[in-house]
Amino acid sequence: MHLHSMWSGDCTTTVDELAQAVAETGIDVLCLTDHNTVNGAVELAESGALGCRVVVGEELRTAAGEIIGLFLTERLPFGLSPVDAVTRIRDQGGLVYVPHPFDPMRHCLREDVLRGLAADGGIDAVEVINGKTSLASLNRQAAELAAEFDLAAGAGSDAHVPEAVAAACVEMPDFTDAQSFLAGLRAGSPTGHHFDPPRQWRPRIVPSTRAT
């Protein structure tokens, strides 16, 4: 539910590397959530190059921290307010997913904003397992928030290297669209563990990408 590729500015994972990771792990759906762009996700969803289904997503830096939109049809601009981000995601028929809440080492959504959006019905799901969050207590805190506001519980590797793909994921029923995905997520089981290996130097040529 949370994954990066060479279209993210802080990741160099290529399409071939993602395809190999999909084949090795047996993952059948990837939510590709590159930073501030949907270009890679759209291309890979249409091409089928990964050998699995791709949900088009974007990890957006808002004025108060990061929010993920899933099932998007177009890019969300950098720097929106959290309320505007939620509105634009919902206008596209997408789902609002909050990654790595409470993790002070990340660009997590500010807690007062997080709780305000949750109380107003502006959040569909919260990431209760993030593969790059090293403290289990932070993931537990996220799970407690999801239970408090009756939000769906998600999990994602937040992989920035191919080795980390599927370190955290959700086992859930099949789906056909955003709403059946959300229903399946509520019936699913988040699973995974902390896995953030050092990035090994590799001689490589990464194709040029752009955000828009």
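## Digging into the packing of aromatic side chains
Here a ring pair, both rings aromatic, is described through the centre-centre distance and the interplanar angle of the planes. Counted under the stated rule, the structure contains three aromatic pairs. Taken together, a centroid distance of 6.1 Å and an interplanar angle of 85° make the contact between Phe71 and Phe175 edge-to-face. Remark: Phe175 occurs in the loop between strand 7 (168-171) and helix 6 (178-186) and Phe71 occurs in the loop between strand 3 (65-70) and helix 3 (82-91); sequence separation between them is 104 residues. Here Phe71 and Phe175 have matching classes, each one buried. Plain terms: the ring middles of Phe175 and Phe181 are 4.9 Å apart, the flat faces sit at 85° to each other, and that makes the pair edge-to-face. Here Phe175 matches Phe181 in class, with each residue buried. The rings of Phe71, Phe175 and Phe181 are connected pair by pair, giving a single aromatic cluster. When the ring centre of Phe175 is taken as reference, the NZ or CZ atom of Arg53 above it lies at 4.7 Å.

## Points about the pairing of strand 2 (residues 53-62)
Buried residues dominate strand 2, accounting for eight of its ten residues. In the sheet, strand 1 (residues 29-32) pairs with strand 2 via four bridges, with the strands oriented parallel. Note that in strand 2 the partner of Leu30 across the bridge is Val54. Sheet topology note: the strand 2/strand 3 ladder contains six bridges and is antiparallel. Bridging across to strand 3, Glu59 finds its partner in Ile68.

## So, the nonpolar core
One recurring pattern in soluble globular proteins is that nonpolar side chains are buried together. By size, the foremost hydrophobic cluster in this structure holds 67 residues, and its most contacted members are Leu70 and Phe181. When near neighbours in sequence (up to four residues on either side) are disregarded, Phe181 contacts Met1, Cys31, Leu70, Phe71, Leu95, Met172 and Phe175.

## Topic: helix 1 (residues 15-25)
Listing the buried residues of helix 1 in full gives Val15, Glu17, Leu18, Ala21 and Val22. Burial along helix 1 is one-sided: seen end-on, the buried residues are contained in an arc of 160°. Exposed side of helix 1, more than 90 degrees from the buried face: Asp16, Ala23 and Glu24 are the residues found there. Where helix 1 is buried, its residues meet strand 1 and helix 2 (39-47). Following helix 1 by one or two positions, Gly26 has its phi on the positive side, about 80°.

## A look at the pattern of salt bridges
All told, the structure shown has nine salt bridges when counted by the stated rule. The salt bridge involving Asp103 is made with Arg106; its shortest N-O contact spans 3.4 Å. Neither Asp103 nor Arg106 differs from the other in exposure class; each is buried. Of the charged contacts in the structure, one is a salt bridge between Glu148 and Arg115, with a shortest N-O distance of 3.1 Å. Within this pair, whereas Glu148 is found in helix 5 (residues 136-148), its partner Arg115 is found in helix 4 (residues 111-119), the two being separated by 33 residues in sequence. Put simply, Asp103, Arg106 and Asp158 are held in one network by salt bridges that share partners.

## Digging into the sheet that holds strand 1
One open sheet accounts for six strands, arranged 1-2-3-4-5-6; its pairing is mixed. Two strands lie at the open edges of the sheet, namely strand 1 and strand 6 (152-156), each paired on one side alone. Averaged over all neighbouring strand pairs, the angle between strand axes comes to 35°, with direction disregarded. The sheet strands contacting helix 2 are strand 1 and strand 2, and the helix crosses strand 2 at an angle near 175°.

Conventions used here
Residues numbered from 1 in each chain as written. Predicted model: local features only at pLDDT ≥ 70, side-chain atom pairs only at ≥ 80, totals over all residues. Heavy atoms only, no water. Phe/Tyr/Trp six-rings, centres within 6.5 Å; stacked < 30°, edge-to-face > 60°. Helix = DSSP H or I, 4+ residues; strand = E, 2+ residues; numbered from the N terminus. Buried < 20%, exposed > 50% of the residue type's maximum accessible area, 1.4 Å probe, protein only. Lys NZ or Arg CZ within 6 Å of the ring centre and 35° of its normal. Pairing = 2+ DSSP bridges. Core = buried A, V, L, I, M, F, W, Y, C linked by side-chain atoms within 4.5 Å. Contact = heavy atoms within 4.5 Å. Arc of directions from axis to C-beta. Salt bridge = Lys/Arg side-chain N within 4 Å of Asp/Glu carboxyl O. Axes fitted to C-alpha atoms, helices over the stretch in contact; angles between N-to-C directions.

No statement about biological role is implied by the geometric values presented.
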